[in-house]
Amino acid sequence: MDPKDNPSRPDRKPPWLKRRLSAGEVRDEVRGLLKESSLHTVCEAARCPNLSECFSRRTATVLILGDRCTRNCAFCAVEHGAANPPDPEEPNRVADLSTKLGLRYIVVTSVTRDDLADGGAHQFAETIRAIRTRMPSTGVEVLVPDFQGSEGSLRVVLEAGPDVLNHNMETVPRLYSEVRRGADYRRSLRLLRSASDFSSSATKSGLMLGLGETAEEVRGAMADLVEAGCRILTLGQYLRPSPSHYPVKRYVHPEEFEKWEGEGRDMGFEAVTAGPFVRSSYRAGEVFQTLLSRNRD
């Protein structure tokens, strides 16, 4: 085997993780609209490898509540530190952007705001309502933090009626202390269980592979998610944003991701997307349509 193809060499990306960046007027238009709207995206803040593709398809995952996170997870490229108070006009700007882009589906996420009493829940709710007012037929997915376990904050978001409530587990329990400082595996599971119990919003979560987890640990996390009522699952390759972040322990081959996708469906998830470049909000609208089609059948 050529050394560059060896997934056990985390210092060198394998061929399947090399892709060309797409360029074009549409991508530049989206960048311009975001700048004009004074909005952030997790695509840019987290250095997502799909940014160019998604912008070229006139999609983006909007990052509300600023671009500074109050936590400092070892895997994440989002800046951390003191954050500004929520901007009351931000929900309207997100709705305006949705209108300008003509979005049929939008994903809204945020930095984690442990400094706020509600964790930012009201800002999520106001953003959902603003989008619904401007574009009633647009699907809305929210990718929320754990709200430090507050069911009251979760209910505030759910009462605004998102189509999908997404909260990423990110990794297996054993690695939480290293990878997700400040987070708690069981607390995140309880949030998803509560979301499933409280509302008709579809629940969704995602796991990164390549952090040092074992296959049995991945199966265990997937089983926990099914038991918590999670209906949609994404599985993607962890990519180290910089040398100061948590190291990649293994590059997972695309064929292995295919196996995980099939195993996820067999375990009971209604929609599963897995692949090296899959991220929680990657082609989220298409994944949601898959869920709707399956339920219609």
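Summary of the structure given here. One numbering rule holds for all chains: residues counted from 1, following each sequence as written. It should be noted that, the model being predicted, local features are given only for residues of pLDDT at least 70 and side-chain atom pairs only at 80 or more, the latter also being counted only at that level, while totals for whole chains, interfaces and linings use all residues. For the side-chain quantities, the full set of heavy atoms in the structure was used; hydrogens and water were omitted.

## Some thoughts on the overall build of the protein
Now for step 1: Each helix and strand counted, the protein has 11 helices and eight strands in total.
Now for step 2: Burial statistics for the protein: of 297 residues in total, 51% are counted as buried.
Now for step 3: Per-residue accessibility takes into account occlusion by the displayed protein chains alone, with areas from the Shrake-Rupley method and a 1.4 Å probe. Element-wise, carbon and sulfur atoms account for 48% of the exposed surface of the protein, whose accessible area totals about 13,400 Å². Under the DSSP-based scheme used, a helix requires at least four consecutive residues in state H or I and a strand at least two consecutive residues in state E, with every element numbered from the N terminus. When accessible area is computed with a 1.4 Å probe and restricted to protein chains, residues below 20% of their type maximum are described as buried, those above 50% as exposed, and intermediate ones as partly exposed.

## Concerning the packing of aromatic side chains
For any pair of aromatic rings, the description consists of the separation of the ring centres together with the inter-plane angle of the planes.
Now for step 1: For Phe, Tyr and Trp, where Trp contributes only its six-membered ring, two rings pair if their centres lie within 6.5 Å, and the inter-plane angle classes them as stacked under 30 degrees, edge-to-face over 60, or tilted in between. By the definition in use, this model includes three aromatic pairs.
Now for step 2: Where F124 meets F147, the ring centres are 6.4 Å apart and the plane angle is 90°; that geometry is what we call edge-to-face. Here F147 lies in the loop between β4 (139-143) and α6 (151-158) and F124 lies in helix α5 (residues 121-134), a separation of 23 residues in the sequence. Considered together, F124 and F147 belong to a single accessibility category, that of buried residues.
Now for step 3: Seen in terms of ring centroids, Y176 and Y185 are 5.5 Å apart; in terms of plane orientation they differ by 90°. Their pairing is edge-to-face. Comparing Y176 with Y185 shows no difference in burial state: the two are buried.
Now for step 4: Only lysine NZ and arginine CZ atoms are considered, and such an atom sits over a ring when it is within 6 Å of the ring centre and within 35 degrees of the ring normal. Over the ring of F198 we find R155; its NZ or CZ atom is 3.5 Å from the centre of that ring.

## Let's talk about the pattern of salt bridges
Now for step 1: Here, a salt bridge means any side-chain nitrogen of Lys or Arg that lies within 4 Å of a carboxyl oxygen of Asp or Glu. A complete count under the given rule lists 19 salt bridges for this structure.
Now for step 2: The salt bridge involving K204 is made with E141; its shortest N-O contact spans 3.0 Å. Here the residue K204 occupies a position in strand β6 (residues 202-209), and E141 occupies one in strand β4, the gap between them amounting to 63 residues.
Now for step 3: K204 gets classed as buried once you look at its relative accessible area, which sits at 1%.
Now for step 4: Accessibility expressed as a relative area gives 1% for E141, which makes it buried.
Now for step 5: Between E256 and R250 there is a salt bridge whose closest N-O contact spans 2.9 Å.
Now for step 6: Accessibility expressed as a relative area gives 32% for R250, which makes it partly exposed.
Now for step 7: One network of salt bridges, in which partners are shared, links R71, D114, D146 and R187.

## A closer look at the nonpolar core
Now for step 1: The set of buried Ala, Val, Leu, Ile, Met, Phe, Trp, Tyr and Cys residues whose side-chain atoms join them within 4.5 Å is what this entry labels a nonpolar core. Judged by nonpolar contacts, the single largest core of 37 residues is most densely connected at M169, L225 and L235.
Now for step 2: Elements supplying a minimum of two residues to this core: α7 (176-179), α8 (185-198), β6, α9 (215-227), β7 (232-237), α10 (254-267) and β8 (271-275).
Now for step 3: The biggest single contributor to this core is α9, with four residues.
Now for step 4: Any two residues whose heavy atoms approach within 4.5 Å are treated as being in contact. The residues touching L225, leaving out its near neighbours within four places in the chain, are M169, L189, L192, S205, C230, L233 and F269.
Now for step 5: Membership of the second largest hydrophobic core comes to 35 residues, among which are L39, I64, L101 and V157.

## Let's talk about the packing of α9 against α10
Now for step 1: One can describe the packing of α9 onto α10 by two numbers: an axis separation of 10 Å at closest approach and a directional angle of 35°. Note that α9 runs across α10; the crossing there is right-handed. Together, A215, V218, R219, M222, A223 and V226 of α9 and W260, E263, G264 and M267 of α10 make up the contact between the two elements. What counts as an axis is a line fitted to C-alpha atoms, over the stretch in contact for a helix, and the angles between N-to-C directions run from 0 to 180 degrees. By definition, any crossing whose near helix is turned counterclockwise from its far helix by less than a right angle is left-handed, and any crossing with a clockwise turn is right-handed.

## Notes on the environment of A284
Now for step 1: The residue A284 is located in helix α11 (residues 284-296) in this model.
Now for step 2: Placed 223 residues apart in sequence, A284 and T61 show a C-alpha to C-alpha distance of 9.7 Å.
Now for step 3: Contact partners of A284, with chain neighbours within four places excluded, come to Y105, V107, E141 and K204.

Without other data, these values stay purely geometric and don't point to any function.
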